Amino acid sequence: MKKETISIVVACYNEEEALPLFYHEILKIKKELKKTDVELILVNDGSKDNTLKIMKDLCKRNSSIHYLSLSRNFGKEAAMLAGLTYAKGDYVALMDADLQDPPELLLEMFAILKSEKDVDCVATRRVTRMGEPKIRSFFARMFYKLINKISNIEVVDGARDYRLMRKNVRNAILSLKEYNRFSKGLFGFVGFNTKWLEYENKERIAGETSWSFFSLFKYAIEGIVSFSTMPLTISAFIGILFCVISFIMILVIVLKTILFGDPTSGWPSMICILFLVSGIQLFCLGIIGEYLSKTYLEAKKRPVYIIKEMDKERTKREN
Ligand code: UDP
Ligand code: MG
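All values reported here derive from a predicted model rather than from experimental measurement.

**Here we look at the coordination of the magnesium ion (ligand 2)**
Protein coordination at the magnesium ion (ligand 2): the donors are Asp98 (OD) and Gln100 (OE1), at 1.9 Å from the metal. Using a relative accessible area of 16% as the deciding quantity, one classes Gln100 as buried.

Have a look at this one:
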């Protein structure tokens with residue numbers, strides 16, 4: 001019988017310190033999984049350090065390691081997509097290079113997929129956010145609450161990208177051709193039977209996180225815009241509400257003037273209202289602009305990533 005293969009896709013951006021340690025841990029896992037082939041697909045997402053060189057060295061040392069190198073930094077989502085496209089295993093795992101995703105869980109995930117035939121994907125979520133700034137955790141929680149309220153797919157709080165899926169789930173993810181990829185939402189969208197494993201947050205083994213507060217904020221907006229049109233509805237609702245309020249105010253002022261002959265006064269209050277209303281107008285325009293810009297990028301049909309080079313073995317297999 002042909003041996004089954006697990007492909008582990010790892011997006012790497014400036015991971016020169018973490019990568020050798022990661023490789024070491026994966027070797028241990030490989031040893032445990034004797035009856036299964038494990039291939040490692042390392043994706044260099046335009047790193048500015050020696051990540052690519054380390055990948056090439058590892059590749060020379062071990063024939064089950066492959067690498068893809070993107071032409072610049074396209075972001076983790078794009079790097080994962082590139083890896084998934086080139087992962088041909090019967091099972092495909094997504095993992096970070098910084099060992100925040102405990103490799104030993106992979107064994108547990110695989111055992112579940114082997115024994116429970118109705119489970120298509122085993123995913124992980126962290127139950128604590130230890131080692132993360134409090135303010136960041138707070139906003140993350142708020143984000144998950146919000147997105148689950150306003151979109152009809154489920155985005156699990158604390159869900160990591162770390163997961164092991166059957167080939168059919170990988171194919172479903174690849175069939176989604178959108179340019180703006182929010183993979184936590186994409187996994188929710190494609191459905192399938194997902195089992196969740198929980199674990200405590202771990203800190204990165206080496207290097208630094210590449211997510212600043214601002215980039216996380218942008219990522220959150222991307223998630224919302226990709227999976228919900230509720231903000232558009234809300235902005236329309238605010239518009240209607242303000243029309244009603246101003247209509248009532250006009251009535252009150254006209255009646256007051258006719259009945260009591262009150263002179264209309266209050267330049268300062270007028271300016272305040274003007275500022276408020278134009279502020280809200282700009283805010284709503286901004287929301288529309290956000291959707292428009294995403295539509296604009298989708299319409300261009302640009303590739304999500306561009307590959308600069310990959311290992312010879314891969315090139316042979318692809319052509
Ligand atoms: N990563 C990437 N491209 C990027 C940013 C990050 O491929 O532009 C990779 C990074 O090398 C790591 C994973 O994505 O393997 C998770 O990144 P990080 O640890 O910075 O994120 P966090 O764990 O803090 O969410
Ligand atoms: Mg990390």
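**A short note on empty space enclosed by the protein**
Taken as a whole and assessed by the stated rule, the structure comprises two cavities of 30 Å³ or more. The calculated volume of the largest cavity comes to roughly 70 Å³. Around the largest cavity sit Glu77, Met80, Leu81, Leu84, Leu94, Ile173, Arg181, Ser183, Leu186 and Phe187, which together line it. Among the elements of the structure, helix H3 (76-86) and helix H7 (183-190) are those that each provide at least two residues to the lining of the largest cavity. For the lining of the largest cavity, the element with the most residues is H3, which contributes four residues. Across the lining of the largest cavity, the residue classes tally to seven nonpolar, one polar and two charged. Estimated volume of the second largest cavity: approximately 50 Å³. What lines the second largest cavity is Tyr23, Ile26, Leu27, Lys30, Val38, Glu39, Leu40, Asn62, Ser64 and Ile65. Tallying contributions element by element places helix H1 (residues 18-32) first for the lining of the second largest cavity, with four residues. For the lining of the second largest cavity, the residue count by class is six nonpolar, two polar and two charged.

**Focus: the layout of surface pockets**
Unfilled space is identified by rolling a water-sized probe across the atoms. In this structure, the second largest pocket occupies an estimated 720 Å³ of space. Lining the second largest pocket we find 29 residues, and of these Ser246, Met249, Ile253, Met270 and Ile273 sit closest to its centre. Breaking the lining of the second largest pocket down by element, the ones donating at least two residues are helix H9 (230-260) and helix H10 (267-300). Ranked by residues supplied to the lining of the second largest pocket, first place goes to H9 with 13 residues. Residue composition of the lining of the second largest pocket, grouped by class: 18 nonpolar, nine polar and two charged.

Thresholds, definitions, all that
Residues numbered from 1 in each chain as written. Chains lettered and ligands numbered in written order. Predicted model: local features only at pLDDT ≥ 70, side-chain atom pairs only at ≥ 80, totals over all residues. Heavy atoms only, no water. Donors = N, O, S within 2.8 Å, 3.2 Å for Na, K, Ca; no water. Buried < 20%, exposed > 50% of the residue type's maximum accessible area, 1.4 Å probe, protein only. 1 Å grid on protein atoms, 1.4 Å probe; cavity = no way out; pocket = protein on both sides within 12 Å on 5 of 7 lines; lining within 4 Å. Points joined across faces, edges and corners; volume = space filled by probe spheres on them. Helix = DSSP H or I, 4+ residues; strand = E, 2+ residues; numbered from the N terminus. Nonpolar A, V, L, I, M, F, W, Y, C, P; charged D, E, K, R; others polar.

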